[in-house]
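# A closer look at the structure
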Amino acid sequence: MTKLGVNVDHVATVREARKTQYPDPVTAAAIAELAGADGIIVHLREDRRHIQDRDLEILRKTVETKLNLEMAATQDMIKIALDIKPDMITLVPERREELTTEGGLEVGLNLEAFKKYVHLLQEAELVVSLFIDPDLDQVKAAHRVGADYIEIHTGRYSEARSRAQVEEEFTKILNAVKMAEKLGLGINAGHGLNYRNVTRIAAIREIEELNIGHSIIARAVLVGLEQAVREMKELIR
Ligand code: PXP
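Bear in mind the structure is a predicted one, so any value in this text is a computation, not a measurement.

A few words now on the site of the ligand. Neighbouring residues of the ligand: 13 residues in total, closest Glu70, Glu151, Gly192, Gly213 and His214. Here a nitrogen atom of the ligand and a side-chain polar atom of glutamate 151 are 2.5 Å apart. For the ligand, the protein covers 94% of the area, taking 400 Å² as the surface of the free molecule.

Here is the structure:
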(Lines give C-alpha, C1' and ligand atoms only; values in the text may rest on other atoms or scores of the structure.)
Protein backbone atom coordinates (compact mmCIF):
# COMPACT_ATOMS: atom_id res chain seq x y z
CA MET A 1 0.00 0.00 0.00
CA THR A 2 1.18 3.51 -0.79
CA LYS A 3 2.47 5.19 2.37
CA LEU A 4 1.32 8.50 3.79
CA GLY A 5 3.82 11.07 5.00
CA VAL A 6 2.12 13.87 6.92
CA ASN A 7 3.62 17.35 6.64
CA VAL A 8 3.02 19.29 9.88
CA ASP A 9 4.39 22.68 8.75
CA HIS A 10 1.04 24.40 8.98
CA VAL A 11 0.56 23.51 12.62
CA ALA A 12 3.65 25.66 13.11
CA THR A 13 2.17 28.30 10.78
CA VAL A 14 -0.73 28.76 13.23
CA ARG A 15 1.69 28.95 16.16
CA GLU A 16 3.94 31.48 14.42
CA ALA A 17 0.94 33.66 13.53
CA ARG A 18 0.86 34.65 17.21
CA LYS A 19 4.38 33.65 18.29
CA THR A 20 2.88 31.45 20.99
CA GLN A 21 4.09 28.01 22.11
CA TYR A 22 0.98 26.31 20.72
CA PRO A 23 -0.09 24.45 18.70
CA ASP A 24 3.09 22.36 18.73
CA PRO A 25 3.99 20.49 15.52
CA VAL A 26 5.73 17.93 17.71
CA THR A 27 2.42 17.02 19.35
CA ALA A 28 0.76 17.01 15.94
CA ALA A 29 3.39 14.59 14.62
CA ALA A 30 2.72 12.20 17.51
CA ILE A 31 -1.04 12.30 16.89
CA ALA A 32 -0.52 11.78 13.14
CA GLU A 33 1.63 8.73 13.86
CA LEU A 34 -0.98 7.32 16.25
CA ALA A 35 -3.58 7.77 13.50
CA GLY A 36 -1.49 5.78 11.03
CA ALA A 37 0.93 8.20 9.34
CA ASP A 38 3.90 6.33 7.90
CA GLY A 39 6.20 9.32 8.17
CA ILE A 40 6.44 12.94 9.27
CA ILE A 41 7.68 15.72 7.02
CA VAL A 42 8.78 19.23 7.86
CA HIS A 43 10.21 21.99 5.71
CA LEU A 44 12.76 24.07 7.58
CA ARG A 45 12.67 27.21 5.47
CA GLU A 46 15.49 29.72 5.42
CA ASP A 47 13.09 32.41 6.68
CA ARG A 48 11.82 30.08 9.48
CA ARG A 49 8.26 31.16 8.76
CA HIS A 50 6.78 27.99 10.27
CA ILE A 51 9.02 25.15 11.42
CA GLN A 52 11.81 26.25 13.78
CA ASP A 53 15.16 24.60 14.51
CA ARG A 54 13.81 23.55 17.91
CA ASP A 55 10.95 21.63 16.24
CA LEU A 56 13.35 19.70 14.06
CA GLU A 57 15.62 18.87 16.98
CA ILE A 58 12.75 17.51 19.08
CA LEU A 59 11.12 15.69 16.16
CA ARG A 60 14.39 13.88 15.49
CA LYS A 61 14.13 12.47 19.01
CA THR A 62 10.38 11.75 19.04
CA VAL A 63 9.29 10.63 15.56
CA GLU A 64 8.89 6.87 15.64
CA THR A 65 8.19 6.33 11.94
CA LYS A 66 10.38 8.24 9.51
CA LEU A 67 11.43 11.88 9.54
CA ASN A 68 11.73 13.52 6.13
CA LEU A 69 13.33 16.99 6.10
CA GLU A 70 12.51 19.24 3.16
CA MET A 71 15.12 21.92 2.63
CA ALA A 72 16.86 24.16 0.14
CA ALA A 73 20.22 23.04 -1.19
CA THR A 74 22.36 25.60 0.66
CA GLN A 75 25.51 25.28 2.77
CA ASP A 76 23.66 26.29 5.96
CA MET A 77 20.89 23.75 5.48
CA ILE A 78 23.33 20.98 4.56
CA LYS A 79 25.14 21.64 7.85
CA ILE A 80 21.87 21.29 9.78
CA ALA A 81 20.96 18.09 7.89
CA LEU A 82 24.34 16.52 8.65
CA ASP A 83 23.88 17.38 12.30
CA ILE A 84 20.26 16.23 12.69
CA LYS A 85 20.46 13.23 10.34
CA PRO A 86 16.80 12.82 9.33
CA ASP A 87 15.76 9.55 7.70
CA MET A 88 15.33 11.30 4.37
CA ILE A 89 16.31 14.67 2.94
CA THR A 90 14.10 16.12 0.22
CA LEU A 91 15.82 18.95 -1.60
CA VAL A 92 13.37 21.60 -2.78
CA PRO A 93 13.68 24.97 -4.51
CA GLU A 94 12.95 27.89 -2.22
CA ARG A 95 12.11 31.51 -2.84
CA ARG A 96 11.37 33.85 0.04
CA GLU A 97 8.39 35.53 -1.59
CA GLU A 98 6.55 32.32 -2.47
CA LEU A 99 3.51 31.15 -0.47
CA THR A 100 4.62 27.54 -0.81
CA THR A 101 7.10 25.56 -2.91
CA GLU A 102 6.09 26.52 -6.41
CA GLY A 103 7.98 24.52 -9.01
CA GLY A 104 10.33 21.57 -8.95
CA LEU A 105 14.13 21.76 -8.87
CA GLU A 106 16.04 22.61 -12.04
CA VAL A 107 18.39 19.68 -11.60
CA GLY A 108 19.41 19.59 -15.25
CA LEU A 109 20.66 23.18 -15.18
CA ASN A 110 22.76 22.61 -12.05
CA LEU A 111 24.14 19.10 -12.47
CA GLU A 112 27.49 19.68 -10.81
CA ALA A 113 26.07 21.47 -7.76
CA PHE A 114 23.42 18.78 -7.19
CA LYS A 115 25.97 16.02 -7.67
CA LYS A 116 28.06 17.63 -4.93
CA TYR A 117 25.17 18.10 -2.48
CA VAL A 118 23.70 14.64 -3.05
CA HIS A 119 27.12 13.05 -2.57
CA LEU A 120 27.82 15.06 0.59
CA LEU A 121 24.54 13.94 2.17
CA GLN A 122 24.91 10.33 1.05
CA GLU A 123 28.42 10.19 2.49
CA ALA A 124 26.73 10.79 5.86
CA GLU A 125 24.41 7.85 5.04
CA LEU A 126 21.41 10.08 4.42
CA VAL A 127 18.81 9.09 1.84
CA VAL A 128 18.33 11.90 -0.68
CA SER A 129 15.21 12.74 -2.65
CA LEU A 130 14.85 15.53 -5.23
CA PHE A 131 11.54 17.35 -5.65
CA ILE A 132 11.02 17.69 -9.39
CA ASP A 133 8.28 18.42 -11.88
CA PRO A 134 6.96 15.41 -13.82
CA ASP A 135 9.40 16.13 -16.62
CA LEU A 136 11.48 13.37 -18.23
CA ASP A 137 14.62 15.50 -18.47
CA GLN A 138 14.45 16.27 -14.75
CA VAL A 139 13.98 12.58 -13.92
CA LYS A 140 17.04 11.70 -16.00
CA ALA A 141 19.00 14.53 -14.37
CA ALA A 142 18.01 13.30 -10.88
CA HIS A 143 19.36 9.90 -11.83
CA ARG A 144 22.56 11.42 -13.23
CA VAL A 145 23.34 13.27 -9.99
CA GLY A 146 22.89 10.06 -8.00
CA ALA A 147 19.66 10.79 -6.09
CA ASP A 148 18.09 7.83 -4.26
CA TYR A 149 14.53 9.09 -4.74
CA ILE A 150 12.55 11.66 -6.63
CA GLU A 151 9.43 13.31 -5.30
CA ILE A 152 7.15 14.14 -8.20
CA HIS A 153 5.49 17.55 -7.92
CA THR A 154 1.73 16.97 -8.17
CA GLY A 155 0.85 20.67 -7.90
CA ARG A 156 -0.16 21.15 -11.53
CA TYR A 157 -2.27 18.00 -11.46
CA SER A 158 -3.95 19.22 -8.27
CA GLU A 159 -4.66 22.66 -9.67
CA ALA A 160 -5.90 21.47 -13.08
CA ARG A 161 -9.56 22.32 -13.54
CA SER A 162 -10.72 21.07 -16.95
CA ARG A 163 -10.90 17.35 -17.60
CA ALA A 164 -8.40 17.71 -20.47
CA GLN A 165 -5.93 19.53 -18.22
CA VAL A 166 -6.27 16.92 -15.48
CA GLU A 167 -5.61 14.14 -18.02
CA GLU A 168 -2.61 15.98 -19.45
CA GLU A 169 -1.04 16.47 -16.03
CA PHE A 170 -1.84 12.92 -14.94
CA THR A 171 -0.17 11.54 -18.07
CA LYS A 172 2.96 13.59 -17.33
CA ILE A 173 3.08 12.06 -13.84
CA LEU A 174 2.64 8.54 -15.24
CA ASN A 175 5.42 9.05 -17.78
CA ALA A 176 7.76 10.44 -15.14
CA VAL A 177 6.97 7.46 -12.88
CA LYS A 178 7.72 5.00 -15.70
CA MET A 179 11.03 6.67 -16.49
CA ALA A 180 12.05 6.81 -12.80
CA GLU A 181 11.15 3.14 -12.37
CA LYS A 182 13.26 2.23 -15.40
CA LEU A 183 16.22 4.13 -13.95
CA GLY A 184 15.84 2.45 -10.55
CA LEU A 185 14.90 5.59 -8.62
CA GLY A 186 12.62 5.43 -5.59
CA ILE A 187 9.45 7.43 -6.20
CA ASN A 188 7.44 9.67 -3.87
CA ALA A 189 4.91 12.32 -4.85
CA GLY A 190 3.19 15.28 -3.32
CA HIS A 191 1.99 18.87 -3.26
CA GLY A 192 -1.59 20.02 -3.45
CA LEU A 193 -3.04 16.54 -2.89
CA ASN A 194 -6.36 16.57 -1.09
CA TYR A 195 -9.37 14.41 -0.22
CA ARG A 196 -10.79 14.79 -3.73
CA ASN A 197 -7.79 14.24 -5.95
CA VAL A 198 -5.60 11.78 -4.05
CA THR A 199 -7.03 8.39 -5.06
CA ARG A 200 -5.85 8.44 -8.67
CA ILE A 201 -2.30 9.23 -7.61
CA ALA A 202 -2.43 6.67 -4.78
CA ALA A 203 -3.38 4.02 -7.38
CA ILE A 204 -0.04 4.38 -9.18
CA ARG A 205 1.67 1.26 -7.89
CA GLU A 206 5.25 2.49 -8.29
CA ILE A 207 4.77 5.49 -5.98
CA GLU A 208 6.01 4.56 -2.53
CA GLU A 209 4.83 7.51 -0.47
CA LEU A 210 2.57 10.54 -0.77
CA ASN A 211 3.60 13.64 1.14
CA ILE A 212 0.56 15.64 2.17
CA GLY A 213 0.30 18.67 4.42
CA HIS A 214 -2.10 21.54 3.79
CA SER A 215 -5.27 19.55 3.11
CA ILE A 216 -4.81 17.33 6.17
CA ILE A 217 -4.05 20.18 8.57
CA ALA A 218 -6.91 22.25 7.11
CA ARG A 219 -9.33 19.36 7.63
CA ALA A 220 -7.95 18.80 11.11
CA VAL A 221 -9.06 22.30 12.12
CA LEU A 222 -12.63 21.13 11.54
CA VAL A 223 -12.65 17.42 12.38
CA GLY A 224 -9.52 16.88 14.47
CA LEU A 225 -6.10 15.66 13.34
CA GLU A 226 -6.60 12.01 14.16
CA GLN A 227 -9.75 11.79 12.05
CA ALA A 228 -8.17 13.81 9.23
CA VAL A 229 -5.18 11.45 9.02
CA ARG A 230 -7.37 8.33 9.26
CA GLU A 231 -9.63 9.57 6.46
CA MET A 232 -6.65 10.24 4.20
CA LYS A 233 -5.16 6.80 4.97
CA GLU A 234 -8.47 5.20 4.08
CA LEU A 235 -8.66 7.05 0.73
CA ILE A 236 -5.10 5.99 -0.12
CA ARG A 237 -5.92 2.38 0.81
N1 PXP B 1 6.18 17.92 -0.95
C2 PXP B 1 6.98 19.02 -0.98
C3 PXP B 1 8.34 18.89 -1.55
C4 PXP B 1 6.53 20.26 -0.45
O5 PXP B 1 7.34 21.33 -0.50
C6 PXP B 1 5.25 20.32 0.12
C7 PXP B 1 4.80 21.60 0.75
O8 PXP B 1 5.57 21.89 1.85
C9 PXP B 1 4.48 19.15 0.14
C10 PXP B 1 4.95 17.98 -0.43
C11 PXP B 1 3.11 19.14 0.74
O12 PXP B 1 2.28 19.95 -0.03
P13 PXP B 1 0.83 20.30 0.52
O14 PXP B 1 1.01 21.08 1.78
O15 PXP B 1 0.23 21.07 -0.59
O16 PXP B 1 0.15 18.98 0.78
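After presenting the structure, the write-up continues.
With that settled, consider the pattern of salt bridges. Taken as a whole, this structure holds 18 salt bridges when the rule is applied. For arginine 200, the salt bridge is made with glutamate 167, and the minimal N-O distance between the two is 3.0 Å. Of this pair, arginine 200 sits in helix H9 (residues 198-202) while glutamate 167 sits in helix H8 (residues 163-182); the two residues are 33 residues apart in sequence, bridging distant segments of the chain. A residue is classified by how much of its surface remains accessible, and arginine 200, at 31% relative accessible area, is partly exposed. Via salt bridges that share partners, Arg15, Glu16, Lys19, Asp24, Arg54 and Asp55 belong to a single interconnected network.

Because an α-helix completes one turn every 3.6 residues, residues spaced three or four positions apart along the sequence face the same direction. Pro25, Val26, Ala28, Ala29, Ala32 and Glu33 are the residues of helix H2 (residues 25-34) that are buried. The buried side chains of H2 occupy one side of the element, clustering within an arc of 160° when seen end-on. For H2, the side-chain oxygen to backbone nitrogen distance between the N-cap and valine 26 is 2.8 Å, and the N-cap itself is aspartate 24. With its phi angle positive at about 115°, glycine 36 sits one or two positions after the end of H2.

Below, the discussion takes up the packing of aromatic side chains. Under the criterion given, the structure shown has one aromatic pair. Ring geometry for tyrosine 157 and phenylalanine 170: centres 6.0 Å apart, planes at 45°, overall tilted. Taken together, the residues tyrosine 157 in helix H7 (residues 155-159) and phenylalanine 170 in helix H8 connect sequence positions 13 residues apart. Like tyrosine 157, the residue phenylalanine 170 is buried in the burial classification. One residue, arginine 219, lies across the ring of tyrosine 195, its end atom 3.9 Å from the ring centre.

Side-chain alternation along strand S8 (residues 209-212) places Glu209 and Asn211 on one buried face and Leu210 and Ile212 on a second face that is also buried. Both strand S1 (residues 3-7) and S8 contribute to a ladder of four bridges, which runs parallel. Residue pairing in the sheet places valine 6 in a bridge with isoleucine 212 of S8. When strand S7 (residues 186-190) meets S8, the two strands line up parallel, connected through three bridges. By the bridge assignment for S8, asparagine 188 is matched with glutamate 209.

Closest axis-to-axis distance for the helix H4 (residues 75-84)/helix H5 (residues 111-123) pair is 10 Å, and the angle between their directions is 15°. The orientation of H4 relative to H5 falls into the category roughly parallel. Seen along the crossing, H4 lies across H5 with a hand that is right-handed. Touching Gln75, Ile78, Ala81 and Leu82 of H4 are Lys116, Tyr117, Leu120 and Leu121, all from H5.

Let's shift gears to the sheet that holds strand S6 (residues 149-153). What holds strands together in a sheet is hydrogen bonding between their backbones, with the strands either parallel or antiparallel. The sheet built from eight strands closes into a barrel, its strands ordered S1-S2-S3-S4-S5-S6-S7-S8 with parallel pairing. Taking each pair of neighbouring strands and ignoring which way they run, the sheet shows an average axis angle of 25°. In the packing of H5 onto the sheet, the strands contacted are strand S4 (88-91) and strand S5 (127-132), and the crossing angle to S5 comes to about 145°.

The rules behind each value
- Along each chain, numbering runs from 1 in the same order as the chain's sequence is written.
- With the structure being a predicted model, the display of local features is reserved for residues of pLDDT at least 70 and the display and counting of side-chain atom pairs for 80 or more, all residues being used for whole-chain, interface and lining totals.
- As a convention, hydrogens and water are excluded, and side-chain values are obtained from all of the structure's heavy atoms.
- Proximity criterion: a residue is near a molecule or strand once any of its heavy atoms comes within 4 Å of it.
- Polar contact is the term for a pair of N or O atoms within 3.5 Å; when the atoms are in protein, one must be able to donate a hydrogen and the other to accept it, and sequence-neighboring residues count only if both atoms are side-chain atoms.
- The accessible surface values rely on the Shrake-Rupley method and a 1.4 Å probe; as for residues, cover is taken only from the protein chains in view.
- Just to be clear on terms, a salt bridge is a Lys or Arg side-chain nitrogen sitting within 4 Å of an Asp or Glu carboxyl oxygen.
- Numbered from the N terminus, helices here are DSSP runs of H or I no shorter than four residues, and strands are runs of E no shorter than two.
- Relative accessible area decides the class of each residue, using a 1.4 Å probe on protein chains only: under 20% of the type maximum gives buried, over 50% gives exposed, and in between gives partly exposed.
- What the arc describes is the spread of directions from the helix axis to the C-beta atoms.
- Whether two aromatic rings pair depends on their centres lying within 6.5 Å, for rings of Phe, Tyr and Trp, where Trp uses its six-membered ring; planes under 30 degrees apart make the pair stacked, over 60 edge-to-face, and the rest tilted.
- Whether a charge sits over a ring depends on NZ of Lys or CZ of Arg being within 6 Å of the ring centre and within 35 degrees of the ring normal.
- Here, any two strands with at least 2 DSSP bridges between them count as paired.
- Where helices are involved, their axes are fitted lines through C-alpha atoms of the stretch in contact, as for all axes, and angles between N-to-C directions lie from 0 to 180°.
- Convention used here: angles under 35 degrees read as roughly parallel, angles over 145 as roughly antiparallel, angles from 65 to 115 as roughly perpendicular, and any remaining angle as oblique.
- Left-handed describes a crossing in which the near helix is turned anticlockwise from the far one by less than a right angle; the clockwise case is right-handed.
- In what follows, residue pairs with any heavy atoms lying within 4.5 Å of each other are defined as contacts.

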